[in-house]
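Chain residues, written in single-letter form:
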Amino acid sequence: MHSSPPPRPPRHKPFWRRFVRGLWEWPLAVLILFEEWGWEPLQRAMARIGQWPGFRWIGRWIESLPPYGALALFALPTLALLPVKLLALFAISRGHALLGTLVIVAAKVAGTAIVARLFTLTQPALMRLAWFARNYARWTVFKERLLAQVRASRPWRAARVVKRRMGRWVRLLKSWLNHD
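Being a predicted model, the structure only gives us computed values, none of them experimental. (Residues numbered from 1 in each chain as written. Predicted model: local features only at pLDDT ≥ 70, side-chain atom pairs only at ≥ 80, totals over all residues. Heavy atoms only, no water.)

Q: Account for the nonpolar core, naming residues and giving values.
A: Membership of the largest hydrophobic core comes to 13 residues, with the highest contact counts inside it found for Phe-74 and Leu-126. Those elements that place two or more of their residues in this core are helix H3 (67–93) and helix H4 (97–126). Filtering out sequence-adjacent residues up to four positions away, Phe-74 remains in contact with Val-115, Leu-118, Phe-119, Thr-122 and Leu-126. In terms of nonpolar packing, the next biggest core, distinct from the first, is built from 8 residues, Ala-29, Ile-32, Leu-33 and Leu-147 among them. (Core = buried A, V, L, I, M, F, W, Y, C linked by side-chain atoms within 4.5 Å. Buried < 20%, exposed > 50% of the residue type's maximum accessible area, 1.4 Å probe, protein only. Helix = DSSP H or I, 4+ residues; strand = E, 2+ residues; numbered from the N terminus. Contact = heavy atoms within 4.5 Å.)

Okay, structure coming up:
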């Protein structure tokens, strides 16, 4: 009777490979976290705007689009904001760093709000595209795994501790100010 060799302990990836992977994963994770934090509140704000008179028909029209029409509309904000972001970079290159940065941030917030609302309205049509549904499922798994890594990291845990302590301090300060 042959026994199989004992399992090898897992090897750690070389430092350089982890470093290179971190160069793209951390910025991507920060971008995803920004989107996650802003997605729901901005989508709700856009939904409220969508209830204003004159805007309701737009939402109904978007929901009625066929899958590829929904896909084209969903891609439109990205394409529309690209020239704005390029102009912002031009402003930065001309010494207007604050203006350019503010334009990029405003475009990012506006783009996130619009894309969040459009995705909510077009998701049923987009999911009828097999390739889109398959890639969306893959993206969701990848995103959750990446965010789990970030949330397990030492900087994230430290930031959560600081946030909790700051929250307690703010509540204590509010209660102290309310007693006067």
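Q: Help me get a handle on the pattern of salt bridges, residues and values and all.
A: Pairing between side chains of opposite charge can happen when the charged atoms of each approach one another. Overall, the coordinates contain 1 salt bridge when judged by the stated rule. With a shortest N-O distance of 3.9 Å, Glu-40 and Arg-44 are connected by a salt bridge. Pair noted here: Glu-40 and Arg-44 are both in helix H1 (residues 15–50), with a separation of 4 residues, about one helical turn. You can call Glu-40 partly exposed: its relative accessible area is 43%. Using a relative accessible area of 43% as the deciding quantity, one classes Arg-44 as partly exposed. (Salt bridge = Lys/Arg side-chain N within 4 Å of Asp/Glu carboxyl O.)

Q: I'd like a description of the environment of Arg-56, backed by residues and values.
A: Considering the arrangement of structural elements, one finds Arg-56 in helix H2 (residues 56–63). Not counting the four nearest positions on each side in its chain, Arg-56 is found in contact with Gly-50 and Gln-51.

Q: A description of a positive patch on the surface should follow, citing residues and the corresponding values.
A: A grouping of Arg-151, Arg-160, Lys-163, Arg-164, Arg-165, Arg-168 and Arg-171 is seen on the molecular surface, where their side chains present a positively charged patch. If one sorts the elements of the positive patch by residue count, helix H6 (residues 154–178) sits on top with 6 residues. Along the chain, Arg-151 falls in helix H5 (residues 130–152). (Patch = residues over 30% accessible without salt bridge, like charges linked within 9 Å, V, L, I, M, F, W, Y side chains within 5 Å. Areas by Shrake-Rupley, 256 points an atom, 1.4 Å probe, with all protein chains shown as cover. Lys, Arg positive; Asp, Glu negative; His and termini not counted. Charge placed at Lys NZ, Arg CZ, Asp CG, Glu CD.)

Q: Report on the packing of aromatic side chains, specifying residues and quantitative values.
A: Both the distance between ring centres and the angle between the ring planes are used here to describe each pair of aromatic rings. With the rule as written, the count across this model stands at 6 aromatic pairs. Ring geometry for Trp-52 and Phe-55: centres 6.1 Å apart, planes at 65°, overall edge-to-face. A residue is classified by how much of its surface remains accessible, and Trp-52, at 47% relative accessible area, is partly exposed. Overall, the relative accessible area of 37% leaves Phe-55 in the partly exposed class. Residues Phe-74 and Phe-119 carry aromatic rings whose centres are separated by 5.5 Å and whose planes lie at 50° to one another, so their mutual orientation is tilted. You can see Phe-74 sitting in helix H3 and its partner Phe-119 sitting in helix H4, a full 45 residues away along the chain. What makes Phe-119 buried here is its relative accessible area of 8%. Taken together, the ring pairs connect Phe-74, Phe-119, Trp-131, Phe-132 and Tyr-136 into an aromatic cluster. (Phe/Tyr/Trp six-rings, centres within 6.5 Å; stacked < 30°, edge-to-face > 60°.)

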